[in-house]
There are 2 protein chains.
Amino acid sequence: MDLHPALEPLAPLVGTWEGAGEGEYPTIKNFDYIEEISFTNIGKPFLEYRQRTWNAENALMHVETGYLRVPAPDTVEFVLALPTGQVELCEGRLEVAKDEIRLFLEGRILNTSTAKQVDATSRSYALLGDALKTSFDMAAVNHPLQRHLTSNLSRAEQSSERITSVP
Amino acid sequence: MDLHPALEPLAPLVGTWEGAGEGEYPTIKNFDYIEEISFTNIGKPFLEYRQRTWNAENALMHVETGYLRVPAPDTVEFVLALPTGQVELCEGRLEVAKDEIRLFLEGRILNTSTAKQVDATSRSYALLGDALKTSFDMAAVNHPLQRHLTSNLSRAEQSSERITSVP
């Protein structure tokens, strides 16, 4: 299936990515995790995004889902739903150079009335050759915006079932 | 996989649903569509939600994705990402009676700067026996909250691939 022309700069990002990550925040102990994310072309002017993380015992931790689009050259929009009771609307910058794709996104949040309050986020995705580095900063529960997650991913088999199947 | 106890009232909703829908809005011509939605248990205190619609020529129209949870008895939260540049945070009421499950949700919206502006939504899901009726009201592009979509769905084969596979 052809990629929509607007998504052409993101073509190297399409597929499934997996690897290890580290989490930190003032309110919790540092932790490690395994992450798998996918950006899927469904023939529309956006990519479907799904993410899952697991702990060392292979227990499912976090999931999130959404869509990524390129409304203008050098501009990206990333809309996300989080089962912790947030929606996250990210807008930002797309930088494409030889063998490098970088996304820098600032997120606005709505929280459900029962959720732990998240006030703002910042995400980056850097695809350098075949390595995808992600970072996620968060202002939450009255703490200022700061690093929460980083991960180092590499391309997985296209057929990976882990991201789509029920664990 | 066991359903989280908080989700027990939603147990009959778990699975894949498909059927026909109708759309209307002051700014567009009325239209028909085919819809498939799924609520999936992944062993967490929420259900994964995915939706896709197609026109009569089997061309993919809309998709959306998110999570549904029951933070307290009679209360539902539904967080959604929409590839049209919105995130939608819905909260509302769960009513469970013999053979009937009804969800009534009011949605708050964030729009990306390039999206057609949606100001508010209202969703309902009514499971009556094995028929799932959905409705979606929307205030958008300066029109007040009013009916946009209704659909009548029935339970599909658990193995339906349409919702998860790339078309």
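Structure: above.
These numbers were taken from a predicted model, which means no experiment stands behind them. (Residues numbered from 1 in each chain as written. Chains lettered and ligands numbered in written order. Predicted model: local features only at pLDDT ≥ 70, side-chain atom pairs only at ≥ 80, totals over all residues. Heavy atoms only, no water.)

Student: Looking at this structure, I do not really get the overall build of chain A. What am I missing?
Tutor: The number of helices and strands found in chain A is zero helices and 10 strands. Helices (α) and strands (β) of chain A occur, in sequence order from the N terminus, as β-β-β-β-β-β-β-β-β-β. In terms of C-alpha radius of gyration, chain A reaches 15 Å, essentially the compact-globule figure of 15 Å for 167 residues. Counting only C-alpha atoms, chain A reaches 45 × 35 × 25 Å along its principal axes. Across chain A, every contact between residues at least 6 apart in sequence was considered, and the portion connecting residues at least 24 apart equals 42%. Per element, the accessible surface of chain A, about 7600 Å² overall, is 52% carbon and sulfur. (Helix = DSSP H or I, 4+ residues; strand = E, 2+ residues; numbered from the N terminus. Rg over C-alpha atoms; globule rule 2.2 N^0.38 Å. Contact = heavy atoms within 4.5 Å. Areas by Shrake-Rupley, 256 points an atom, 1.4 Å probe, with all protein chains shown as cover.)

Student: How should I be thinking about the interface of chain A and chain B in this particular structure?
Tutor: You'll often see interface size given as the accessible area lost when the parts meet. Of the residues lining the interface, 41 residues belong to chain A; the matching set on chain B comes to 41 residues. Interface area, chain A with chain B, both sides summed: about 3200 Å², of which 63% is carbon and sulfur. A per-residue breakdown of the area chain A buries against chain B is headed by Tyr67(A), Pro83(A) and Leu110(A), which together make up 17% of the total. Taken together, the connections running from chain A to chain B amount to four salt bridges. Arg50(A) serves as the salt-bridge partner of Glu48(B), at 3.0 Å between the closest nitrogen and oxygen. The tally of links from chain A across to chain B stands at 29 residue pairs in polar contact (both at pLDDT 80 or more). Broken down by secondary-structure element, the contributors of at least two residues to the side of chain A that touches chain B are β2 (28-41), β3 (47-54), β4 (60-72), β5 (75-82), β6 (86-97) and β7 (100-111) of chain A. Tallied by class, residues from the side of chain A that touches chain B come to 20 nonpolar, 11 polar and 10 charged. (Buried area = accessible area lost by both parts, 1.4 Å probe. Salt bridge = Lys/Arg side-chain N within 4 Å of Asp/Glu carboxyl O. Polar contact = N/O pair within 3.5 Å; in protein donor to acceptor, adjacent residues only side chain to side chain. Nonpolar A, V, L, I, M, F, W, Y, C, P; charged D, E, K, R; others polar.)

Student: What is the right way to look at the relation of the copies chain A and chain B in this model?
Tutor: Note that the two copies of the chain are related through a rotation about an axis and a translation along the same axis. Overlaying chain A on chain B yields an RMSD of 0.0 Å, the required transformation being a rotation through 180 degrees with an accompanying axial translation of 0.0 Å. The symmetry that links the two subunits is that of a two-fold axis. Comparing interface residues between copies, 100% of those in chain A also lie at the interface in chain B; the contact surface is shared. (Least-squares fit on C-alpha atoms with pLDDT ≥ 70 in both.)

Student: Whenever I open this one, the environment of Asn41(B) confuses me. Can you help?
Tutor: Residue and element names in this part refer to chain B. Tracing the backbone through its elements, the reader meets Asn41 in strand β2 (residues 28-41). The class for Asn41 is buried, based on a relative accessible area of 11%. Counting along the chain gives 39 residues from Asn41 to Asp2, while the straight-line C-alpha distance between them is 8.3 Å. From its side chain, Asn41 meets the backbone oxygen of Met1 in a polar contact 3.1 Å long. At a separation of 2.8 Å, a polar atom in the side chain of Asn41 contacts the main-chain amide nitrogen of Gly43. (Buried < 20%, exposed > 50% of the residue type's maximum accessible area, 1.4 Å probe, protein only.)

Student: Where do I start with the sheet that holds β3(A) in this structure?
Tutor: All names here are of chain A. If you walk around this closed barrel you meet the 10 strands as β1-β2-β3-β4-β5-β6-β7-β8-β9-β10, and the pairing is antiparallel. In this sheet, adjacent strand axes meet at a mean angle of 20 degrees when their direction is disregarded. Here 12 bridges tie β6 to β7, and the two strands are oriented antiparallel to one another. For Cys90, the partnering residue across the bridge sits in β7 and is Gly107. (Pairing = 2+ DSSP bridges. Axes fitted to C-alpha atoms, helices over the stretch in contact; angles between N-to-C directions.)

Student: Before we go on, may I ask you to explain the sheet that holds strand β4 (residues 60-72) of chain B in this structure?
Tutor: Strand pairing in a sheet takes place through backbone hydrogen bonds and is either antiparallel or parallel in direction. Residues and elements named next belong to chain B. What the 10 strands build is a closed barrel, ordered β1-β2-β3-β4-β5-β6-β7-β8-β9-β10; its pairing is antiparallel. Across the sheet, the mean angle separating the axes of adjacent strands is 20 degrees when strand polarity is ignored. Pairing of β4 with strand β5 (residues 75-82) involves six bridges; the strand directions are antiparallel. Residue pairing across strands places Arg69 opposite Glu77, the latter belonging to β5.

Student: Explain the pairing of strand β9 (residues 131-140) of chain B here, please?
Tutor: The side chains of a regular strand alternate, residue by residue, between the two faces of the sheet. Residue and element names in this part refer to chain B. Judged by how many residues are buried, β9 sits mostly within the fold: eight of 10 residues are covered. For strand β8 (residues 118-128) and β9, the ladder comprises 10 bridges, and the chain directions are antiparallel. Paired with Leu127 across the bridge in β9 is Leu132. Connecting β8 to the antiparallel partner β9 that follows it, the hairpin turn spans two residues, and Gly129 within it adopts a positive phi of roughly 65 degrees.

Student: Hey, could you run me through unusual backbone geometry in this one?
Tutor: What you tend to see is this: most non-glycine residues have negative phi, and most peptide bonds are trans. All names here are of chain A. Look at Asn58: it is not a glycine, yet its phi comes out positive at around 70 degrees. Of note, Asn58 is situated in the loop between β3 and β4. Judged by its relative accessible area of 51%, Asn58 falls in the exposed class.

Student: Please clarify how the pattern of salt bridges should be interpreted in this entry.
Tutor: Two side chains of opposite charge can pair, provided their charged atoms sit close to one another. Scanning the model with the defined rule gives 22 salt bridges over all chains in all. In this structure, the salt-bridge partner of Arg102(B) is Glu100(B), at a minimum N-O distance of 3.3 Å. The partner of Asp137(B) in a salt bridge is Arg147(B), with the nearest N and O atoms 2.5 Å apart. One end of the pair, Asp137(B), is in strand β9; the other, Arg147(B), is in strand β10 (residues 146-155), with 10 residues separating them in the sequence. The exposure class assigned to Asp137(B) is buried, which follows from its relative accessible area of 14%. Each of the salt bridges in this network shares a partner with another, and the network as a whole consists of Glu48(A), Arg50(B) and Arg52(B).

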